[in-house]
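# Geometric and topological summary
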Amino acid sequence: MKIKISDLVEMHQPLKHGIVIDVGGYIGEYADLVSKRFNCEVLVFEPDPKLYVDLVSRFSVFPQIKVIDQAVGGKDGIRKLFLSKNRLSNSFYRSWAKS
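A short tour of the structure in this document, coming up.

The rules behind the values
- Residues numbered from 1 in each chain as written.
- Predicted model: local features only at pLDDT ≥ 70, side-chain atom pairs only at ≥ 80, totals over all residues.
- Heavy atoms only, no water.
- Helix = DSSP H or I, 4+ residues; strand = E, 2+ residues; numbered from the N terminus.
- Buried < 20%, exposed > 50% of the residue type's maximum accessible area, 1.4 Å probe, protein only.
- Areas by Shrake-Rupley, 256 points an atom, 1.4 Å probe, with all protein chains shown as cover.
- Lys, Arg positive; Asp, Glu negative; His and termini not counted.
- Charge placed at Lys NZ, Arg CZ, Asp CG, Glu CD.
- Pairing = 2+ DSSP bridges.
- Axes fitted to C-alpha atoms, helices over the stretch in contact; angles between N-to-C directions.
- 1 Å grid on protein atoms, 1.4 Å probe; cavity = no way out; pocket = protein on both sides within 12 Å on 5 of 7 lines; lining within 4 Å.
- Points joined across faces, edges and corners; volume = space filled by probe spheres on them.
- Nonpolar A, V, L, I, M, F, W, Y, C, P; charged D, E, K, R; others polar.
- Phe/Tyr/Trp six-rings, centres within 6.5 Å; stacked < 30°, edge-to-face > 60°.
- Lys NZ or Arg CZ within 6 Å of the ring centre and 35° of its normal.
- Patch = residues over 30% accessible without salt bridge, like charges linked within 9 Å, V, L, I, M, F, W, Y side chains within 5 Å.
- Salt bridge = Lys/Arg side-chain N within 4 Å of Asp/Glu carboxyl O.

Below, the discussion takes up the overall build of the protein. The helix and strand tally for the protein stands at three helices and three strands. Mapped in sequence order, the helices and strands of the protein form the string α-β-α-β-α-β. For the protein, the residues scored as buried account for 28% of the 99 residues in total. Within the structure as shown, the protein displays about 7,300 Å² of accessible surface, and the carbon and sulfur contribution to it stands at 56%. Charge centroids of the protein, computed over 15 positive and 11 negative side chains, lie 7 Å from each other.

Next comes the structure, spelled out in structure tokens:
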């Protein structure tokens, strides 16, 4: 089943003084929609260097959206990120980042 990002945003409960965390911000569509819909702060985590730069540029005039150039995981550490050509399937596992 395919869900549009705008439909996903509408599934949220109204936030009161909330912060939304967007893990793997990609091009920022989710962060943009959530921030506008709920007028809330959004922390966007994006470890892909190119996508990170694009997100910082896109949201430079939106102080409520903060972009962080790190991945989120279960423990602290440094990992190699394998980048796919289409940037949709970047992964810490080389075999998952094929396309």
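A positive phi angle is found at Tyr26, which is not glycine, with a value near 50°. Positionally, Tyr26 belongs in the loop between β1 (19–23) and α2 (29–38). Residue classification places Tyr26 among the partly exposed positions, given a relative accessible area of 31%.

Here we come to the sheet that holds β1. Here we have three strands laid out as an open sheet, ordered β1-β2-β3, and parallel in their pairing. Looking at strand neighbours, the two that pair on one side only are β1 and β3 (65–68), the edges of this open sheet. In this sheet, adjacent strand axes meet at a mean angle of 15° when their direction is disregarded. Two elements, strand β2 (residues 41–45) and β3, share four bridges in a ladder whose sense is parallel. Its bridge partner being in β3, Val44 is matched across the sheet by Val67.

This next bit is on the layout of surface pockets. Considered as a void within the structure, the largest pocket measures approximately 430 Å³ in volume. Per-class residue counts for the lining of the largest pocket are seven nonpolar, four polar and three charged. Lining the second largest pocket are 18 residues, with Gly24, Glu46, Pro47, Leu81 and Asn90 positioned closest to its centre.

The final tally for this structure, using the stated rule, is two aromatic pairs. Ring geometry for Phe59 and Phe62: centres 6.0 Å apart, planes at 75°, overall edge-to-face. Classification of Phe62 by relative accessible area gives partly exposed; the value is 26%. Between Tyr93 and Trp96 the ring centres are 4.9 Å apart and the planes differ by 50°, which places this aromatic pair in the tilted class. The aromatic ring of Tyr93 is capped on one face by Arg79, whose charged end is 5.7 Å from the ring centroid.

Let us now look at a nonpolar patch on the surface. A surface patch of nonpolar side chains, about 370 Å² in accessible area, is lined by Ile19, Ile21, Val23 and Val72. Tracing the backbone through its elements, the reader meets Ile21 in strand β1.

Scope: geometric values only; no functional claims are made or implied.
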